[in-house]
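# Understanding the architecture of this molecule
Here are the chains, one letter per residue:
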Amino acid sequence: MPVGAVAVVGGSIAGCAFASVAARAGADEVVVLERTGGRLADRGVGLCIHDDRAAELAALGTLPGGIAAHRLTRRRWVTRDGAAEPLGKLFWDQPFPFHSYHWGLLWQGLREATPASVVYRQGAAVTAVSAVTDPAGPPASGGDRAVVSTADGSTAPYDLVVGADGYRSVVREALSPGSHPHYAGYVCWRGNFDARLLDGLAGGRPDELWPPDSVTTVCFPGGSCVVYRIPGPEGTRVNWVLYAAPPQDGTLRFDDPTSFPPGSLTPELAGRLAELLDREFPPYWARVLGLTAPEDTFVQPIYDLQVERTAAGRLLLAGDAATVVRPHNTAGAAKALQDACAFEAAWRGAASWPDLTRAYQAARGPVGHDMVALARRLGRAQVERTPDWPTLTPRTAAAWWQTQLGGAPTIGGQSLTRPGPP
């Protein structure tokens, strides 16, 4: 097994998981370099992990126990059916074996599970990564070290650098220059709020109108919106993600995957969202989303990216740095944690750093490509080329869904213990 020093660039979900794996696998030194100096636990966006993926990750020690999660079992697809039906027309009720999480609480659980030997540095913005090759070394060595430069002007060499630095990955630029996320042509609006606010709607019977284990997908021409409950630091919250075409008035730019983060929603964008809800949503669900405070609402252009190499030499990519997948696949967190599992397996079976990176590339490169392709199909069907929603029946909706899957067994990511789709 390789020994030496490992730098993990990025300290969020993927970064914590990879740091823990490297420490367990026997690295002499593990340093996490996280560019932000604030509290990562304050991030409140919801996410889901498929029950089968969660069981695999827990068995492999990558998903710690005790992290708050909310059980989901059904996904109910509805469309507006006139003012006479406040909840809309239900046209399909689909099994949905997932648990939802609060991003900050999941990160906190992973951070607390990180071994004490790991050095976690916040406010350490990495500006460049470069390989240093020993001319006297063998050609297959992949470089003796990788040098990491930070914004304070310092540099440090490492035997392996893991890029867990997300969409704008500095490590990806070093490994695959010019590889940047591509805009998909639409945006998602996101928001979340205290679930107790639901008590003020429709007679104060939220659990009867909307069972707690149910995800609702509101469908409209040119888009869809997923609404579900998540755990929060102070109780249950409602999380929603709405996909639609962007405003065409220049209020959004598409060169940055997080153009309008929480707290920066403009009055023009808030008005655009309100118009969309009033025009396209069943009344109840329009009021539900309307409970979200402006400071808890943001807009994110949708991007995707697949790279030919996720690892080579002394560099390796994890999570969103390796593969940017549209959120429709409901697999981002699971994929990042599975990457860490594959990293650990590659480490324990490798005799050298190049052996490790080759094994990791073989294990995760094809998976990333499959996930990008599936999410593109889901995006086309649910946003770009939506069907005539009110005409769908349970039978035709199920057939429509299978066409999107294209041979994949389900959404939520592939199993680690069986081959993925051909």
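Residues numbered from 1 in each chain as written. Predicted model: local features only at pLDDT ≥ 70, side-chain atom pairs only at ≥ 80, totals over all residues. Heavy atoms only, no water.

## A look at the packing of aromatic side chains
Counting across every chain of the model gives 19 aromatic pairs. Their ring planes at 50° and their centres at 6.5 Å tell us that Trp400 and Trp401 sit as a pair that is tilted. For Trp401, a relative accessible area of 6% translates into the label buried. Taken together, Trp77, Phe91, Trp92, Trp389, Trp400 and Trp401 form an aromatic cluster joined through their ring pairs. (Phe/Tyr/Trp six-rings, centres within 6.5 Å; stacked < 30°, edge-to-face > 60°. Buried < 20%, exposed > 50% of the residue type's maximum accessible area, 1.4 Å probe, protein only.)

## Some points on the packing of helix 9 (residues 353-384) against helix 10 (residues 394-405)
Running from amino to carboxyl end, helix 9 crosses helix 10 at an angle of 145°, the nearest separation of the two axes being 8 Å. Contact residues: Leu374, Arg377, Leu378, Ala381 and Gln382 in helix 9; Trp400, Trp401, Thr403, Gln404 and Leu405 in helix 10. The class makeup of the residues in the contact of helix 9 with helix 10 is six nonpolar, three polar and one charged. (Axes fitted to C-alpha atoms, helices over the stretch in contact; angles between N-to-C directions. Helix = DSSP H or I, 4+ residues; strand = E, 2+ residues; numbered from the N terminus. Contact = heavy atoms within 4.5 Å. Nonpolar A, V, L, I, M, F, W, Y, C, P; charged D, E, K, R; others polar.)

## Points about the side chain of Arg75
Within the element layout of this structure, Arg75 appears in strand 4 (residues 70-79). Of the side chains bearing the opposite charge, Asp93 lies closest to the buried Arg75, which forms no salt bridge; the N-O distance is 9.6 Å. Polar contacts involving the side chain of Arg75 include one to the side chain of Thr217, which spans 2.8 Å. Other than its neighbours up to four places away in sequence, Arg75 contacts Trp92, Asp93, Gln94, Phe96, Val215, Thr217, Val226, Gln382, Trp401 and Ile411. (Lys, Arg positive; Asp, Glu negative; His and termini not counted. Salt bridge = Lys/Arg side-chain N within 4 Å of Asp/Glu carboxyl O. Polar contact = N/O pair within 3.5 Å; in protein donor to acceptor, adjacent residues only side chain to side chain.)

## Points about the sheet that holds strand 5 (residues 89-102)
Strand order in the open sheet formed by nine strands is 3-5-4-12-13-14-11-15-18, and the pairing between neighbours is mixed. For this open sheet the edge positions go to strand 3 (46-50) and strand 18 (323-324), each flanked by a neighbour on one side alone. Strand direction decides the pairing type here: strand 13 (residues 223-230) and strand 14 (residues 237-244), joined by seven bridges, are antiparallel. Its bridge partner being in strand 14, Arg229 is matched across the sheet by Val238. Along the sheet, helix 2 (residues 51-59) makes contact with strand 3 and strand 5, crossing strand 3 at roughly 80°. Here helix 6 (residues 267-280) sits on the sheet and contacts strand 11 (182-194), strand 12 (214-220), strand 14 and strand 15 (297-306); the angle it forms with strand 14, its principal contact strand, is near 90°. (Pairing = 2+ DSSP bridges.)

## Brief notes about the packing of helix 1 (residues 13-25) against helix 8 (residues 332-348)
Where helix 1 contacts helix 8, the axes come no closer than 9 Å and their chain directions differ by 20°. By the angle between their axes, helix 1 is roughly parallel relative to helix 8. For the element pair helix 1 and helix 8, the recorded crossing hand is right-handed. Facing Ile13, Ala14, Ala17, Phe18, Val21, Ala22, Arg24 and Ala25 of helix 1, the residues of helix 8 in contact are Ala336, Leu337, Asp339, Ala340, Phe343, Glu344, Trp347 and Arg348. (Parallel < 35°, antiparallel > 145°, perpendicular 65-115°, else oblique. Left-handed = near helix turned anticlockwise from the far one by under 90°.)

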